[in-house]
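# A closer look at the structure
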Amino acid sequence: MHPIRLSIPSFRSENSSVEKGFTVFKIDVLVNGRLHSVEKRYSEFHALHKMLKKSIKPPEIPSKHVRNWVPKVLEQRRQGLELYLQTVIMENEVLPKIFLDFLNIRHFPSVPKTESCGSFDTESMESSKLSHQPVMVYLRDPYLLPSAHDTFSNVVIEGVVDGVFYPDLQPR
């Protein structure tokens, strides 16, 4: 199961002099214990649905057209949109980037929910690759190995390394 929980707890109607009124839905997103909220109009949900259709088979989205804007109808739409988002999460092992962007989730690993660091299955070499790239590479570990031109050895580091890697080694 994905470490994402979401709900649409509320909505509000907006009236603008430039365009006719619209409804804004507040989405609460809980990712790895951190809660944030995003606000989206139905048109943004509809655009997301069209984009998701290119990569996955998304669930049905509530109807674009509502006959009247009474609170009961808007509440039904809120519930339908909440179920829509939750179904996308539950039915997909890997969430599309467009979906994560819609929820303003950054740096979320695109690893299937059953794997954290790739698969140990030798048949699937593609799935065993990590989903990130190294940022910096050291030719040697600068914290464990003293540089070759040090005139004095670091007794503490040598003792820790010997104790961790060679616990049966007798002192000199």
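Check the entry above for the structure.
Residues numbered from 1 in each chain as written. Predicted model: local features only at pLDDT ≥ 70, side-chain atom pairs only at ≥ 80, totals over all residues. Heavy atoms only, no water.

Counted as a void, the largest pocket has a volume near 360 Å³. If you trace the largest pocket, you find 14 residues lining it, with K20, G21, K64, W69 and R77 closest to the centre. Tallying contributions element by element places strand 2 (residues 22-31) first for the lining of the largest pocket, with 3 residues. Looking at the lining of the largest pocket residue by residue, the class counts come to 5 nonpolar, 4 polar and 5 charged. (1 Å grid on protein atoms, 1.4 Å probe; cavity = no way out; pocket = protein on both sides within 12 Å on 5 of 7 lines; lining within 4 Å. Points joined across faces, edges and corners; volume = space filled by probe spheres on them. Helix = DSSP H or I, 4+ residues; strand = E, 2+ residues; numbered from the N terminus. Nonpolar A, V, L, I, M, F, W, Y, C, P; charged D, E, K, R; others polar.)

Let us now look at unusual backbone geometry. Backbone geometry at N32 places phi at a positive 50°, although glycine is not the residue there. Mapped onto the secondary structure, N32 falls in the loop between strand 2 and strand 3 (34-41). Accessibility expressed as a relative area gives 57% for N32, which makes it exposed. Backbone geometry at N104 places phi at a positive 55°, although glycine is not the residue there. Following the sequence through the fold, N104 ends up in the loop between helix 3 (97-102) and helix 4 (155-165). The exposure class of N104 is partly exposed, given its relative accessible area of 38%. (Buried < 20%, exposed > 50% of the residue type's maximum accessible area, 1.4 Å probe, protein only.)

The next thing to look at is a positive patch on the surface. A cluster of basic residues, K50, K53, K54 and K64, forms a positive patch at the surface. When you line up the elements, K54 lands in the loop between helix 1 (42-52) and helix 2 (71-91). (Patch = residues over 30% accessible without salt bridge, like charges linked within 9 Å, V, L, I, M, F, W, Y side chains within 5 Å. Areas by Shrake-Rupley, 256 points an atom, 1.4 Å probe, with all protein chains shown as cover. Salt bridge = Lys/Arg side-chain N within 4 Å of Asp/Glu carboxyl O. Lys, Arg positive; Asp, Glu negative; His and termini not counted. Charge placed at Lys NZ, Arg CZ, Asp CG, Glu CD.)

Turning our attention to the sheet that holds strand 3. Within a sheet, neighbouring strands are paired by backbone hydrogen bonds and run either parallel or antiparallel to one another. Pairing in this open sheet of 3 strands is antiparallel, and the strands run 1-2-3 from one edge to the other. Two strands bound the open sheet, and with one partner strand each, they are strand 1 (4-14) and strand 3. Here the average twist between neighbouring strands, direction ignored, is 20°. Direction of pairing for strand 1 relative to strand 2: antiparallel, over a ladder of 9 bridges. Note that in strand 2 the partner of S10 across the bridge is K26. (Pairing = 2+ DSSP bridges. Axes fitted to C-alpha atoms, helices over the stretch in contact; angles between N-to-C directions.)

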